[in-house]
Amino acid sequence: MRYNFLSLAANALSGHRSWKPAWRDAAPKSTYDVVIIGGGGHGLATAYYLAKNHGITNVAVIEKGWIGSGNAGRNTTIIRSNYMLPGNSAFYELSMKLWETMEQDLNYNTMVSQRGVLNLIHSDAQRDAFVRRGNAMRLEGIDAELLSLEQVKQMVPFLAYDNARFPIKGGLIQRRGGTARHDAVVWGYARAADRRGVDIIQNCEVTGFIRDAKGAITGVETTRGSIRAGKVGMAVAGNSSRVAAMADLRLPIESHALQAFVTEAIKPLLDTVVTFGAGHFYVSQSDKGGLVFGGDIDGYNSYAQRGNLPTVEDVCEGGMALMPAIGRIRMLRSWGGIMDMSMDGSPIIDHSPVEGLFMNAGWCYGGFKATPASGYCFAHLIATGQPAPEAAAYRLDRFARGAMIDEKAQGAQPNLH
């Protein structure tokens with residue numbers, strides 16, 4: 001312990017110059033078996049599972065900025081599998097199980113904290129809806145527990161229970177849900193993929209696709225030169241429509257900013273995740289002591305990683321309605337991620353209509369919590385050409401077939417009807 005403390009102090013005083021990088025800063029080769037566009041959690045997890053599960057190690061992950069500089073570092077870190085519809089429940093439960101074994105698998109502390117996710121109930125109709133969702137979860141082997149008002153009060157006694165505009169009547173909790181450290185997840189997958197031979201190439205923006213005479217994708221053009229590939233996977237979060245346009249594809253996706261906020265640090269107050277069932281507000285407390293909260297997307301299309309003041313006001317109003325005490329806490333900062341909002345609120349993991357190009361997009365509110373299962377299933381698709389069973393419903397053609405997966409459990413959505 002003494003040696004570790006002295007070593008840490010010495011490194012801090014030297015500007016960490018003696019610390020070794022967690023992964024190689026690779027230079028691009030001319031050819032790979034697989035190129036993954038996007039160095040966030042989904043892209044890195046895909047590369048890791050390609051190497052681990054399928055033995056495909058001649059892989060490059062291309063990131064236009066630095067690892068984790070996009071949506072991976074711009075979210076509220078919640079993990080859960082409290083979904084109801086068959087197309088979603090198996091996938092997100094796979095993700096939950098991978099979260100539970102992630103630290104042992106990657107040999108990295110990703111700070112997974114299964115502190116529970118509590119959805120509050122504010123009306124009889126909402127209780128009926130949550131009973132239905134909880135029963136559906138339990139039929140799929142997913143934990144769910146309906147709480148009475150008294151049980152909710154015992155868990156979170158500081159909420160507005162008396163004369164509240166939206167009285168709290170109970171809640172639905174998934175105790176296995178919780179939070180994880182977003183940047184640690186990215187770093188853990190990056191290090192684990194690198195150790196299996198994957199090249200992680202930063203500051204390398206894709207500017208176009210290389211195509212053969214038949215129009216199939218055979219590589220990518222980048223700011224660091226041309227890179228040939230047997231297969232190309234696209235996992236670029238809020239930039240999916242722009243990257244797909246380079247391959248002459250138009251996706252059923254809109255891009256919106258989703259803001260998040262953090263307050264000054266306070267003493268331990270909230271040991272679970274709470275979502276307000278009567279407005280767009282959800283909150284947890286970080287390891288640094290700040291309250292982290294968010295709301296709904298901004299109501300207009302944008303690629304800007306910032307939001308607007310009306311949404312700030314709406315989120316703060318929701319927070320004050322639920323937890324009046326936070327009115328005395330200073331908000332330190334806000335940030336915005338870019339959401340790929342698909343037309344049914346569920347993602348796309350599929351072949352693209354262009355040969356050689358695979359798609360991982362449309363995550364809406366579910367991107368961070370899906371990270372491990374997304375990489376697992378996307379790697380399976382790229383390696384085998386067939387969808388993983390847990391992601392079989394996430395086909396691109398479901399919009400044409402009318403097989404939408406429209407579930408309000410995707411985000412903090414009011415359901416009072």
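Scroll up to find the structure this text is about.
Bear in mind that the values here come from a model prediction, so they are computed numbers and not experimental data.

Asks: Account for unusual backbone geometry, with residues named and values stated.
Replies: Positive phi, close to 55°, is recorded for N107, a residue that is not glycine. If you trace the backbone, N107 turns up in the loop between α3 (86-106) and β4 (117-121).

Asks: Explain the pairing of β4 to me, and be specific about the residues and the numbers.
Replies: In terms of residue burial, β4 counts as a mostly covered element, since five of its five residues are buried. Burial of β4 is two-sided: the residues V117, N119 and I121 facing one way and the residues L118 and L120 facing the other way are all buried. Of the pairings in the sheet, the one linking β4 to strand β6 (residues 170-174) comprises five bridges and is antiparallel in character. Looking at the pairing, L118 lines up with I173 of β6.

Asks: A description of the pattern of salt bridges should follow, citing residues and the corresponding values.
Replies: The tally for this structure, following the rule as stated, stands at 16 salt bridges. Between D194 and R24 there is a salt bridge, with the nearest N and O atoms lying 2.9 Å from each other. With D194 in helix α6 (residues 182-195) and R24 in the loop between α1 (2-13) and β1 (31-37), the pair connects residues that are 170 residues apart, well separated along the chain. You can call D194 buried: its relative accessible area is 11%. Close ionic contact of E100 with R176 constitutes a salt bridge, the shortest N to O distance being 2.9 Å. Placement of the pair is E100 in helix α3 and R176 in the loop between β6 and β7 (178-179), with a sequence separation of 76 residues. A residue is classified by how much of its surface remains accessible, and E100, at 31% relative accessible area, is partly exposed. Through salt bridges with shared partners, one network takes in E93, E100, D143 and R176.

Asks: I'd like a description of the packing of helix α2 (residues 41-54) against α3, backed by residues and values.
Replies: To describe two helices that pack against each other, one gives the angle between their axes and the distance between the axes. Running from N to C, α2 and α3 point in directions that differ by 75°, and their axes come no closer than 14 Å. Comparing their axes, α3 and α2 come out roughly perpendicular. Contact residues: Y48, Y49 and K52 in α2; L98, D105 and L106 in α3. Across the contact of α2 with α3, the residue classes tally to four nonpolar, no polar and two charged.

Asks: Tell me what's going on with the nonpolar core, and back it up with residues and numbers.
Replies: The biggest cluster of nonpolar side chains holds 49 residues, and the ones touching the most others in it are L44, F91, W99, Y189, V198 and I349. Those elements giving two or more residues to this core turn out to be β1, α2, β2 (59-62), α3, α6 and α9 (371-384). The element contributing the most residues to this core is α3, with eight residues. Those residues in contact with L44 that lie beyond four places of it in its chain are G38, G39, V61, I67, V186, Y189, A190, A193 and I200. Judged by nonpolar contacts, the second largest core, of 30 residues, contains A26, V243, L251 and I348.

Asks: Help me get a handle on the environment of V315, residues and values and all.
Replies: With respect to the helices and strands, V315 occurs in helix α8 (residues 309-322). The class of V315 is buried, set by a relative accessible area of 0%. With 19 residues separating them in the primary sequence, V315 and D296 have C-alpha atoms 7.9 Å apart. Here V315 is in contact with F261, H280, F281, F293, G294 and G295, once residues within four sequence places are set aside.

Asks: Lay out the packing of aromatic side chains in plain terms, naming residues and giving numbers.
Replies: Ring pairs (aromatic) are described by centroid distance and by the angle formed between their planes. Evaluated as defined, the whole model comprises 12 aromatic pairs. Seen from their ring centres, W99 and F368 are 5.3 Å apart, and the 45° between their planes marks the pair as tilted. One end of the pair, W99, is in helix α3; the other, F368, is in the loop between β18 (357-361) and α9, with 269 residues separating them in the sequence. Neither residue differs from the other here; W99 and F368 are each classed as buried. Ring centres of F261 and F293 lie 5.7 Å apart, and the angle between their planes is 25°; this geometry places the pair in the stacked category. Of the two residues, F261 sits in strand β12 (residues 253-265) while F293 sits in strand β15 (residues 290-301), which places them 32 residues apart along the sequence. Like F293, F261 is buried. Taken together, the aromatic side chains of Y83, F91, Y92, W363 and Y394 make up a single cluster linked through ring pairs. Over the ring of Y161 we find K153; its NZ or CZ atom is 5.5 Å from the centre of that ring.

Rules and cut-offs
- Residues numbered from 1 in each chain as written.
- Predicted model: local features only at pLDDT ≥ 70, side-chain atom pairs only at ≥ 80, totals over all residues.
- Heavy atoms only, no water.
- Helix = DSSP H or I, 4+ residues; strand = E, 2+ residues; numbered from the N terminus.
- Buried < 20%, exposed > 50% of the residue type's maximum accessible area, 1.4 Å probe, protein only.
- Pairing = 2+ DSSP bridges.
- Salt bridge = Lys/Arg side-chain N within 4 Å of Asp/Glu carboxyl O.
- Axes fitted to C-alpha atoms, helices over the stretch in contact; angles between N-to-C directions.
- Parallel < 35°, antiparallel > 145°, perpendicular 65-115°, else oblique.
- Contact = heavy atoms within 4.5 Å.
- Nonpolar A, V, L, I, M, F, W, Y, C, P; charged D, E, K, R; others polar.
- Core = buried A, V, L, I, M, F, W, Y, C linked by side-chain atoms within 4.5 Å.
- Phe/Tyr/Trp six-rings, centres within 6.5 Å; stacked < 30°, edge-to-face > 60°.
- Lys NZ or Arg CZ within 6 Å of the ring centre and 35° of its normal.

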